[in-house]
Structure formats: C-alpha cells, structure tokens
Amino acid sequence: MFVSDALGVNELDHLTIGGADAVELAGTYGTPLYVMDEDLIRKNARAFRGSVERHYGGKGHVAFASKAFCCKEICRIMQEEGLWLDVVSGGELYTALAAGFPAEHIFFHGNNKSVEELAEALDKNVGRIVVDHFFEMELLSQLAQAAGKTVDIQMRIKPGVEAHTHKFIQTGQIDSKFGFALETGEALEGIRTALSLPNLRLRGLHCHIGSQIFEITSFTVAARVMLGLAAQAKSELDWTMEELNLGGGFGIKYLTEHSHAPYEDFMEAVSRTIGDTCRQMNLPLPCIIIEPGRSIVGSAGITLYQIGAIKEIPGIRTYLSVDGGMADNPRYALYQSEYEMLLAGRATAPKTGAYTVAGRCCESGDLLGKEIPLPKPRVGEVLAVLATGAYNYSMASNYNRLPKPAVVMVRDGKARVVVRRETYEDVASHDV
Ligand code: LLP
C-alpha cells in the first residue's frame, strides 16, 4: 500500500512506522521530525550481507555509506549487523570512532581529503584509504613513512560507465571530479605510481558509478570494465587485485510506480559476471566490497511536519506550507526529487486535491514537491513525507537559522531519540 515496508495504518487511520503512531510521535517529539524504522534498516543490512554469503561465498564486505545517514547510533547498528563503514570526511570518521566502530572496518573516501584527515586516518589505523588522485597518493606515502606505517589503499577509478540516473549524481563518467580516469591511461599510471611509492599497499580498485540506479547491468558492466583494468595491471605491472569495490548506488522506491529488482538479484548477477570474467581473464577471484547507503536507510525513514499556512492562488495552485522544508530536505530544491506524502492522521483518506508543499525558508525554491495529491488538508495536521531516510538528515542545513530536527528511531512500536533536536542555543553556539 505504501512505498515502504516500514509503514502501516492503525485503527485510528493514523500512519504507523515501525508499529508506532506517527501522529503521536509528532505530538511527543515535535515537528519537523525524522523517524526511522530500525527493523527495516537491520533487515536491509542483513539482506545485503546475506547476498554476499549466498552468491559470493562470503568473500566480501558490505560497507554502509554513512553519508546517506550519519550519526553514532547508525554506526552502532551497522557494527551489530556486521557491516563495514564508508566515511568521506573527518566528521564522519570522528562519528564512527566515537560510536566505537572498529577503525579497521572503515573505508575512507573523498576527492580532497585534507592532510589532517589523512593523518587522523593513519593514526587510527583506518582499514582502507581510497585514494583519489596522484597528489594524495604521494602525500599519503610521505605521511605513512613519517608515521612508520604501511597503509592499505584502494584506488578510485572512473570506469566511464554511464548510469541511468539524475545527471547531478552521476560520478562514473570521465568528466567527474572523482578518481582516476580509465580511458586516458591515468588509472593504469596511478596503479604504477601506487606500486612504486613506499609505505603504500595497493589492495584493490574502487568505482562508484552513480546513485539511485535501477539497472543491474550498469553494475555488471562496471565490474567487467574494472576487471579489464585489473587484467591489464596484472600483465603489465605484475600486480594482482585482491579487492574489487563496486561502490553503492542501488535505487529505492520513492514513488509507487518505482520498482527495483531485489538486492539479492544484484549480487547474483554481479557474482556471476565476476566469476565468468575472472575465468576468462585468468584472474583470481577478488574479495568484493559494496557500499550501499540509500538502499539501507532510505525507505526506513519518514519526515513529519505540521501544516501551517494554506494559500490558494485561484487558477494557479494551492501552496501548503509546513514547518520544515529545504533546510531538512534539500533534495527537491537540488534535484527535483519526488516524494509521496500523506496526512498522518487520515492515512487512507481519498486524495481529492493537489498541493504544492512549501517549506518555511525565505526562498521561493524552498519546496518539497509540486502538485502532491492529498486529501483537503487542515491547518495543524501532520504531513508525512515518505522515504526520507537517506540524504535528508545528512544533508540538512541551518539556513535561516532553523534548528535541525530530531531523529527518532522506532523499534517494536517504541521510539527513542538518537539525535536530539537542535536548540537556538545550539545554532548560535559558535558565534563569538
Ligand atoms: N560509495 C561512494 C564512494 C559514494 O560516493 C556513494 C554516494 C555511495 C557509496 C553510496 O551511494 P548510495 O548507495 O547511497 O546511492 N546526495 C545525493 C546522493 C549522492 C551520492 C553520493 N555518493 C542524493 O540525495 O540523491
């Protein structure tokens, strides 16, 4: 009935998430409010891990891409589920370590890591640093020598595979700020350099071809291209790729009309491609790594808002304003991302009108969606925006000095705050 398995309807016709009444949650914790269903997060994490067991003989790791949703509690949950973690900044690394996440199970990404971030990663013995460019490679080699350590690295490659997704989030093609280009020979040159520099141990290659991808073939093509590079590196440089990291990007259902193959099918197809290609190219089977972010947390989250001003502009549109907006969910403003919405207190009421849902920022583009079908709303009702678990909280800002909402995790109908709501004092706390 809904875009996410986390959701249901109770006898009051209220939306439920993880068994908890969304109207009650809004009343208890205030709005705007991010709510996450812990069981669905765990189920998704297990599905990915299980698929590596079933289709790839367990020879691999699933690293949760924490950029999708980063806080201490999600790091703890991922650790409990046996996942590794992908971090992309000193802040994400700090959060993971502060949550007690084992450093050796962390991949550190980024196209412009600072000297301090690299030094911190070395100091904490982060599992893999995913090197993005020549300068970083040299810098890391020097830092590692100074620290008297040898560091395990992977190299980020742009394999030139085009993924069918919004162009802003395509990252595998040559015109991208990420990684070493394959077509130009830069990737092979990078491998040669990595092998020549002291205190670096090149364990494998990484690519990430985009996000919100539905087509499994995008990944199998990327895997084949990456293995082609590995074969070339083996014959020309006598280097054997131990690890193949295929990044994340698996699409989720934002709208009823979206559908994606089970994530199990992804691993089955990719495993078969890797097996066949390795046989053809006479390569040993690499350890596989995937880095799902959105597909673990996206569908598990909703955002609850209180409806305020409703402004009908005759013959044009009706604006329905909520007490959040682009500051807690910039994805419509950035990518025109579409979401399904409903009134949490009348979850199954017929949707008789269409509304443009506006935020409260001082900006005309501060919208959460246009022409959203809803029952005729009343001021004070709770609006639920669905499938907001990924790249909402993590992309939130304090524009207009709006405090960031709390994040509540629900399990077995019981809620707990995992990120407390910011106060005005928090927002002004760095002002001098
Ligand atoms: N690994 C790497 C190296 C990545 O760059 C990303 C996402 C992921 C894994 C996880 O991808 P996922 O499974 O979540 O699709 N802000 C955009 C998404 C940007 C994704 C950037 N990289 C959005 O809101 O749609």
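Predicted, not measured: the structure shown is a model, and the values here were computed from it.

1. Some details on the pairing of strand β13 (residues 287-290)
Where burial is concerned, the two faces of β13 agree: the one with C287 and I289 and the one with I288 and I290 are both buried. As paired strands, strand β5 (residues 60-65) and β13 are joined by 3 bridges and run parallel to one another. Looking across to β13, one finds that H61 is bridged to I289. After leaving strand β12 (residues 243-245), the chain enters helix α9 (residues 263-281) and then returns to the sheet as β13, a path that is right-handed.

2. Quick notes on the packing of aromatic side chains
Under the criterion given, the structure shown has 11 aromatic pairs. Between the aromatic rings of F219 and F266, the centroid separation amounts to 5.0 Å while the plane-to-plane angle is 80 degrees, which identifies the pairing as edge-to-face. A residue pair is termed long-range when its members are at least 10 positions apart, and F219 in helix α8 (residues 216-237) and F266 in helix α9 qualify at 47 residues. Of the two residues, F219 and F266, both sit in the buried class. On the basis of an interplanar angle of 85 degrees and a centroid distance of 5.5 Å, the ring pair of Y254 and Y339 is categorised as edge-to-face. Of this pair, Y254 sits in the loop between β12 and α9 while Y339 is found in the loop between α11 (331-335) and β16 (341-343), placing the two residues 85 residues apart along the sequence. The same class applies to Y254 and to Y339, which are both buried. Grouping aromatic residues by their ring pairs yields a cluster made of F48, F219, F250, Y263 and F266.

3. So, the site of the ligand
Around the ligand sit 19 residues, and of these S211, E291, R294, R331 and Y391 come closest. Here an oxygen atom of the ligand and a backbone polar atom of G249 are 2.8 Å apart. Notes on the ligand: free accessible area 580 Å², of which the protein chains cover 92%. Residues from two domains meet in the shell around the ligand; each of domain 1 (7-37 + 301-427) and domain 2 (109-292) gives at least three.

4. Things to note about the packing of helix α5 (residues 115-123) against helix α6 (residues 134-147)
For the pair α5 and α6, interaxial distance at closest approach is 10 Å and the crossing angle is 50 degrees. By the angle class used here, α5 and α6 are oblique. Where α5 crosses over α6, the handedness of that crossing is right-handed. Here α5 contributes V115, L118, A119 and L122 to the contact with α6, which in turn contributes E136, L139, L140, L143 and A144. Residues that form the contact of α5 with α6 fall into these classes: 8 nonpolar, no polar and 1 charged.

5. Quick look at the side chain of R346
Assignment of secondary structure puts R346 in the loop between β16 and β17 (353-358). The class for R346 is buried, based on a relative accessible area of 18%. Within the structure, R346 has its side chain in polar contact with the backbone oxygen of K376 (distance 2.8 Å). Looking at R346, its side chain comes within polar contact range of the side chain of E381, at 2.8 Å. Residues in contact with R346, not counting those within four places in the same chain, are D13, P375, K376, P377, R378 and E381.

6. Some details on the pattern of salt bridges
With the rule as written, the count across this model stands at 30 salt bridges. Two residues, E38 and R411, come together in a salt bridge whose shortest N-O distance is 3.6 Å. Highlighted residues: E38 in helix α2 (residues 38-56) and R411 in strand β20 (residues 406-411), separated in sequence by 373 residues. The buried category is assigned to E38, whose relative accessible area is 3%. Residues E264 and R54 are paired through a salt bridge, measuring 2.8 Å at the closest nitrogen-oxygen approach. Residue E264 is found in helix α9, and its partner R54 is found in helix α2; the two are separated by 210 residues along the sequence. Looking at E264, the relative accessible area reads 23%, which means it is partly exposed.

Cut-offs applied
Residues numbered from 1 in each chain as written. Predicted model: local features only at pLDDT ≥ 70, side-chain atom pairs only at ≥ 80, totals over all residues. Heavy atoms only, no water. Buried < 20%, exposed > 50% of the residue type's maximum accessible area, 1.4 Å probe, protein only. Helix = DSSP H or I, 4+ residues; strand = E, 2+ residues; numbered from the N terminus. Pairing = 2+ DSSP bridges. Right-handed = clockwise from strand over helix to strand, strands pointing away. Phe/Tyr/Trp six-rings, centres within 6.5 Å; stacked < 30°, edge-to-face > 60°. Near = heavy atom within 4 Å. Polar contact = N/O pair within 3.5 Å; in protein donor to acceptor, adjacent residues only side chain to side chain. Areas by Shrake-Rupley, 256 points an atom, 1.4 Å probe, with all protein chains shown as cover. Domains from an automatic or database assignment. Axes fitted to C-alpha atoms, helices over the stretch in contact; angles between N-to-C directions. Parallel < 35°, antiparallel > 145°, perpendicular 65-115°, else oblique. Left-handed = near helix turned anticlockwise from the far one by under 90°. Contact = heavy atoms within 4.5 Å. Nonpolar A, V, L, I, M, F, W, Y, C, P; charged D, E, K, R; others polar. Salt bridge = Lys/Arg side-chain N within 4 Å of Asp/Glu carboxyl O.

Shape is all these values report; function is a separate question.
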